[in-house]
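Examination of the molecular architecture
Spelled out from the first residue to the last, the chains are:
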Amino acid sequence: MKRIAFVFPGQGAQTVGMGKSFYDSDPAAKRRFEQADHVLGFKLSQIIFEGPEDELKKTYNTQPALLTTSIAILESVRELGIEPAFVAGHSLGEYSALVAAGVMSFEDAVKTVRARGEFMEQAVPNGKGAMAAVLGAEREALAELCRRVTAEVGVVEMANVNCPGQIVVSGTAEGVAAVAERGKEAGAKRVVPLEVSGPFHSSLMKPAADRLADVLAGVHMQDARIPVVANVTAQPVAEADAIRRLLVEQVYSPVLWEDSVARMIADGVDTFVEIGSGTVLAGLIRKVDKQARTFSINSREALAQFAEEWKTAAQA
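Scope of this entry: the structure provided in the associated data block. Owing to the predicted nature of the structure, the values given are computational and were not obtained by experimental measurement.

Quick look at helix 13 (residues 280-288) now. Within helix 13, burial applies to Leu281, Ala282, Leu284 and Ile285. Across the axial projection of helix 13, the buried residues extend over an arc of 165°, all falling on one side. Tucked inside the fold, the buried residues of helix 13 contact strand 1 (3-8), strand 4 (156-163), strand 5 (166-172), helix 12 (257-266), strand 9 (269-275) and strand 10 (293-297).

This is how it looks when you write it as structure tokens:
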């Protein structure tokens, strides 16, 4: 293993019970769940560990829940003494990356993403926005189709450029439906509607971004200890003021995940460690580069397996 990156999942990765094995076995991890409960003034940990799922799926709960789980697991990963060359996170996961890089305190991040979730939920009336995964389309052709549909039907834009052949579009319900109908024009094999509460990472989220800007203006940030590859630019960033600006833009801009992974690989990263619930990012990374080594640390067993492989590689 040459260079390693820590990556953190975003919305959609949540599951009831996530992080419980770390809560039960690692005092530092347990403390993170307790801190989140204290900062928010309610038992977020109970929703994470026991559900119900409908409550966990509410955007304003999902976002702090995933952040808390990722940072709790990171506490256990840190005990291995590994220093990554880069950190990055998918959408909401960028906040976990910023905590890992020392830009924001965990407490400030929890409060911020709780507010971010509320603002995103409230930005567009329920049912007026939509998102869909477009599979198999060419990136430029899909961008052009989105431009045509926006002019003719209603706003629809590329929201997540996840990996070759998987791009999520976001916008008005009518615009997304039109892209679904006309996807073949961009070479799409399939268009899958997503269960989401709003048209995230589209220009329709600008009202949420404006409100988030006010919150972020009051959050103490410092320059990153570890370069953070930003969703908006797919470039490493370390300067606090630039990070603050990019977090506002991120709400209404596409998540350039494929480009972010490619950038880290170009800078010598060959091992990606996904820290948090699920295995989504590991799958996307392997579609960007089949040679990349990926680990998803979402349980004590997965951590033990990674630790063993890391020790073996270090001795080689």
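Here the focus is the pairing of strand 5. Of all 7 residues making up strand 5, 6 are buried, and the element is well covered by its neighbours. Bridging between strand 3 (residues 129-135) and strand 5 involves 7 bridges; their strand directions are antiparallel. Within strand 5, the residue paired with leucine 135 across the bridge is glutamine 166. By the bridge criterion, 6 bridges tie strand 4 to strand 5 in an arrangement that is antiparallel. Bridging from a neighbouring strand, glutamate 157 pairs with serine 170 of strand 5. Count of turn residues in the strand 4/strand 5 antiparallel hairpin: 2 residues, of which glycine 165 carries a positive phi of about 85°.

Our focus in this paragraph is the sheet that holds strand 5. With antiparallel pairing, the 4 strands of this open sheet are ordered in space as 4-5-3-6. Each edge of the open sheet is held by one strand with a lone partner, namely strand 4 and strand 6 (190-193). Averaged over all pairs of adjacent strands, the angle between strand axes in this sheet comes to 25°, irrespective of strand direction. Judged from the 4 bridges that link them, strand 3 and strand 6 form a sheet pairing that is antiparallel. For alanine 132, the partnering residue across the bridge sits in strand 6 and is proline 193.

This brings us to unusual backbone geometry. With an omega dihedral of 5°, the bond running from glycine 51 to proline 52 counts as a cis peptide bond. Checked against the element boundaries, proline 52 lands in the loop between helix 3 (44-50) and helix 4 (53-56). Here serine 91, not a glycine, exhibits a phi torsion of approximately 60°, which is positive. Relative to the assigned elements, serine 91 resides in the loop between strand 2 (86-89) and helix 6 (93-100). A positive phi angle is found at histidine 201, which is not glycine, with a value near 55°. With respect to the helices, strands and loops of the structure, histidine 201 is situated in the loop between strand 6 and helix 10 (206-217). Judged by its relative accessible area of 3%, histidine 201 is buried.

Okay, the side chain of histidine 201 next. Among the polar contacts made by the side chain of histidine 201, one reaches the side chain of serine 91 at a distance of 2.6 Å. At a separation of 3.1 Å, a polar atom in the side chain of histidine 201 contacts the main-chain carbonyl oxygen of serine 253. Not counting residues within four places of it along the chain, the set of residues in contact with histidine 201 comprises Ser91, Arg116, Met158, Ala159, Asn160, Gln250, Val251, Tyr252, Ser253, Pro254 and Val255.

Further remarks concern the nonpolar core. Core analysis: the biggest nonpolar cluster contains 73 residues, and Phe6, Leu67, Val87 and Met221 have the highest contact counts within it. It is helix 5 (residues 59-78) that provides the largest number of residues to this core, a total of 8 residues. Not counting residues up to four positions away in its chain, the partners in contact with valine 87 are Phe6, Phe8, Ala97, Ala100, Ala101, Ile226, Pro227, Val228 and Val229. Among the nonpolar cores identified, the runner-up in size contains 21 residues, and Val134, Cys146, Val179 and Ala188 belong to it.

Before going further, it helps to spend a moment on the packing of aromatic side chains. If you walk through the whole model with that rule in mind, you get 5 aromatic pairs. With centroids separated by 5.8 Å and ring planes inclined at 70°, the aromatic side chains of tyrosine 23 and phenylalanine 33 adopt a geometry described as edge-to-face. On the criterion of sequence distance, the pair formed by tyrosine 23 in helix 1 (residues 20-25) and phenylalanine 33 in helix 2 (residues 27-40) is long-range, its members being 10 residues apart. Overall, the relative accessible area of 23% leaves tyrosine 23 in the partly exposed class. On the basis of relative accessible area, phenylalanine 33 is assigned to the buried category, the value being 1%. Among the aromatic residues, ring-to-ring pairing joins Tyr23, Phe33 and Phe49 into one connected group. The ring of phenylalanine 49 carries lysine 20 above its face, with NZ or CZ at 5.6 Å from the centroid. Positioned over the ring face of tyrosine 252 is lysine 206, at 4.8 Å from the centre of the ring.

Conventions used here
Numbering of residues begins from 1 in every chain and follows the order in which that chain's sequence is written. Predicted model: local features are reported for residues with pLDDT of at least 70 only, side-chain atom pairs are reported and counted for 80 or more only, and whole-chain, interface and lining totals are derived from all residues. Note that the side-chain values use all heavy atoms of the structure and ignore hydrogens as well as water. A simple rule labels every residue: compare its accessible area, found with a 1.4 Å probe on the protein chains alone, to the largest value its type can have, and call it buried under 20%, exposed over 50%, or partly exposed in between. The numbering of helices and of strands both runs from the N terminus, where a helix is a DSSP run of H or I of at least 4 residues and a strand a run of E of at least 2. Throughout, the arc means the angular range of directions from the helix axis out to the C-beta atoms. For this analysis, residues touch if any pair of their heavy atoms sits within 4.5 Å. Here, a strand pair is defined by DSSP locating no fewer than two bridges between the strands. The axes are straight lines fitted to the C-alpha atoms, using for helices just the contacting stretch, and the angles between their N-to-C directions are given from 0 to 180°. N or O atoms within 3.5 Å of each other form a polar contact, as long as, within protein, one can give a hydrogen and the other can take it, and as long as residues adjacent in sequence are counted only when both atoms are side-chain atoms. By nonpolar core we mean a set of buried residues, namely Ala, Val, Leu, Ile, Met, Phe, Trp, Tyr and Cys, connected to one another through side-chain atoms within 4.5 Å. Aromatic rings from Phe, Tyr and Trp, with only the six-membered ring used for Trp, were paired whenever their centres fell within 6.5 Å, and each pair was classed as stacked if the ring planes differed by under 30 degrees, edge-to-face if by over 60, and tilted otherwise. Only when the NZ of Lys or the CZ of Arg is both within 6 Å of the ring centre and within 35 degrees of the ring normal is a charge said to sit over the ring.

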